[in-house]
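The residues making up each chain are set out below.
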Amino acid sequence: MASLSLRGIYKKYPGGVVAVSDVNLEIRDKEFIVLVGPSGCGKSTTLRMIAGLEEISEGELYIGDRLVNDIAPKDRDIAMVFQNYALYPHMTVFDNMAFGLKLRKVPKDEIARKVEEAARILDLTPLLNRKPKAMSGGQRQRVALGRAIVRDPQVFLLDEPLSNLDAKLRAQMRTEISLLHQRLGTTFIYVTHDQTEAMTMGDRIVVMKGGFVQQIDTPQNLYETPCNKFVAGFLGSPQMNFIDAMLLYRDGKYVVQFGSDDTKTSRGIKYEVILPDSKVTPDLEHYIDKEVTMGIRPEGVHDEPMYLANATTGIVKCSVEITELLGAETFLYLDCQGIKITARVSPKSTARPEDEIDVVLDAEAIHLFDKETEKTIIN
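Small disclaimer: the values here were computed from a predicted structure and weren't measured.

1. Digging into helix α2 (residues 93–103)
Listed in full, the buried residues belonging to α2 are V93, N96, M97, A98, G100 and L101. Looking one or two places after α2, you find K105, whose phi comes out positive at around 60°.

Right, dumping it as structure tokens:
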């Protein structure tokens, strides 16, 4: 098994294009780490540099204690699972899984043992004589995983392996890959653009944007304490609500104020959320009477009578545009003076499209971001 160390890694292409900039990452032995970000953020390029499929322009890559910058992919003791499965269509499942071992001149009895063991782990035993065209997408993906398992590598690299599957199968395969990681006890590095996959699978998540690492942390810490507006908005579904606001200081309290001061219409109302003492930090002083961006996740917006009855701040009038009942919860898409707000509420909510309702913005759930730099002020 192996730890990995990426030290000041860059990928530069001719013409001055920099795809990956100064990636510094320590991956522990047996860790499941996920690289996540939008298309073009550099996550797959980083994975391909670890695999040796892309040359590292600058920096050092260690697998264990070994510097591998100039080591060929086949000698790095890694196995890669691709998005498109990359199976040989004319070969059976058994032969697809055994192919790499045959190239390495592994004895036939050992090949059979390894393939049968991997097939048992992945529930592929009944399919060993089938060819890929006679299999579903999920089965093909399991064969691709099996081909990696039989090599018994130090590191598994998985590049968007579930993106070709339907939603139900994706959810099922997420669980299977997580269980596989536990069973094998090997280091997994997993690339995805799907933040749900990242949140549910990773021990730690590396959030990337524009070739730069934005933040590295556990899923829960990223969700609760994002370092900037991008991370806050990228993780979470539906995403965090962002509202342009002013930070005021009045009667010994910090107040976040937003809304319209158009007194000519009935909609000209300024709304306020008084920050609780638990949210107050010395940094807030620098933002008094300045514009900020307020963030609040959908579950921090409440329409329940109990919240409304007990609220002393953050009550907002909205019109309901759309409701989405998902069984265990309901999403309300609201309009407050042109400000769009999404609320995640109880399925017992009585709100319906075109209703005018009051909601409460939970002051304990407020995040504030610098308007210019988008860095987090408070979480």
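From this point, the discussion proceeds with the structure in view.
2. Some points on the pairing of strand β8 (residues 187–192)
In terms of residue burial, β8 counts as a mostly covered element, since six of its six residues are buried. Here β8 shows no split at all, with T187, I189 and V191 on one side and F188, Y190 and T192 on the other all buried. As defined by bridge partners, strand β3 (residues 32–36) adjoins β8 across five bridges and the pair is classed as parallel. By the bridge assignment for β8, F32 is matched with F188. Looking at chain direction, strand β7 (residues 155–159) and β8 are connected through five bridges and run parallel. Note on β8: the bridge partner recorded for F156 is F188.

3. Here's the deal with the sheet that holds β3
Strand order in the open sheet formed by six strands is β6-β7-β8-β3-β9-β10, and the pairing between neighbours is mixed. Unpaired on one side and paired on the other, β6 (78–81) and β10 (212–217) mark the two borders of the sheet. When the angles between neighbouring strand axes are averaged without regard to direction, this sheet yields 15°. Relative to strand β9 (residues 204–209), β3 is paired through four bridges, and the arrangement is parallel.

4. Comments concerning the packing of α2 against helix α3 (residues 108–121)
Between α2 and α3, the shortest axis-to-axis distance is 10 Å and the interhelical angle comes to 135°. Between α2 and α3, the crossing angle belongs to the class labelled oblique. Considering only the axes of α2 and α3, their crossing is right-handed. In this structure, α2 contributes F94, M97, A98, L101 and K102 to the contact, and α3 contributes I111, A112, K114, V115, A118 and A119.

5. A word on the pattern of salt bridges
When charged atoms on two side chains of opposite charge get close, those side chains can pair. Tallying each qualifying case throughout the model produces 18 salt bridges. One salt bridge connects E54 with K11, and the closest N-O pair in it is separated by 3.5 Å. You can see E54 sitting in the loop between α1 (43–51) and β4 (58–63) and its partner K11 sitting in strand β1 (residues 4–13), a full 43 residues away along the chain. Residue class for K11 comes out buried when judged on its relative accessible area of 7%. Here R250 makes a salt bridge to E272, at a shortest N to O gap of 2.5 Å. Residue R250 is found in strand β11 (residues 241–250), and its partner E272 is found in strand β13 (residues 270–274); the two are separated by 22 residues along the sequence.

6. A few points about the pairing of strand β18 (residues 339–345)
Counting buried residues along β18, five of its seven residues qualify, which places the element largely inside the surrounding structure. Two elements, strand β17 (residues 330–336) and β18, share seven bridges in a ladder whose sense is antiparallel. Considered in β18, the bridge of F331 is made with R344. Hairpin geometry of β17 and β18 is characterised by an intervening segment of two residues between the two adjacent antiparallel strands and by a positive phi of about 50° at Q337.

7. Structural notes on the layout of surface pockets
In this model, the largest pocket occupies a volume close to 480 Å³. Residue assignment for the lining of the largest pocket shows that the elements contributing at least two residues are β6, α2 and α4 (137–149). Of the residues in the lining of the largest pocket, the class split is 13 nonpolar, one polar and four charged. Around the second largest pocket, the lining residues are R113, K114, E117, A118, I121, I149, V150, D152, P153, F156, L184 and T186. At five residues, the largest contribution of residues to the lining of the second largest pocket is made by α3.

Calculation rules
- Residues numbered from 1 in each chain as written.
- Predicted model: local features only at pLDDT ≥ 70, side-chain atom pairs only at ≥ 80, totals over all residues.
- Heavy atoms only, no water.
- Buried < 20%, exposed > 50% of the residue type's maximum accessible area, 1.4 Å probe, protein only.
- Helix = DSSP H or I, 4+ residues; strand = E, 2+ residues; numbered from the N terminus.
- Pairing = 2+ DSSP bridges.
- Axes fitted to C-alpha atoms, helices over the stretch in contact; angles between N-to-C directions.
- Parallel < 35°, antiparallel > 145°, perpendicular 65-115°, else oblique.
- Left-handed = near helix turned anticlockwise from the far one by under 90°.
- Contact = heavy atoms within 4.5 Å.
- Salt bridge = Lys/Arg side-chain N within 4 Å of Asp/Glu carboxyl O.
- 1 Å grid on protein atoms, 1.4 Å probe; cavity = no way out; pocket = protein on both sides within 12 Å on 5 of 7 lines; lining within 4 Å.
- Points joined across faces, edges and corners; volume = space filled by probe spheres on them.
- Nonpolar A, V, L, I, M, F, W, Y, C, P; charged D, E, K, R; others polar.

Everything listed here is a matter of coordinates, which is why it stays silent on function.
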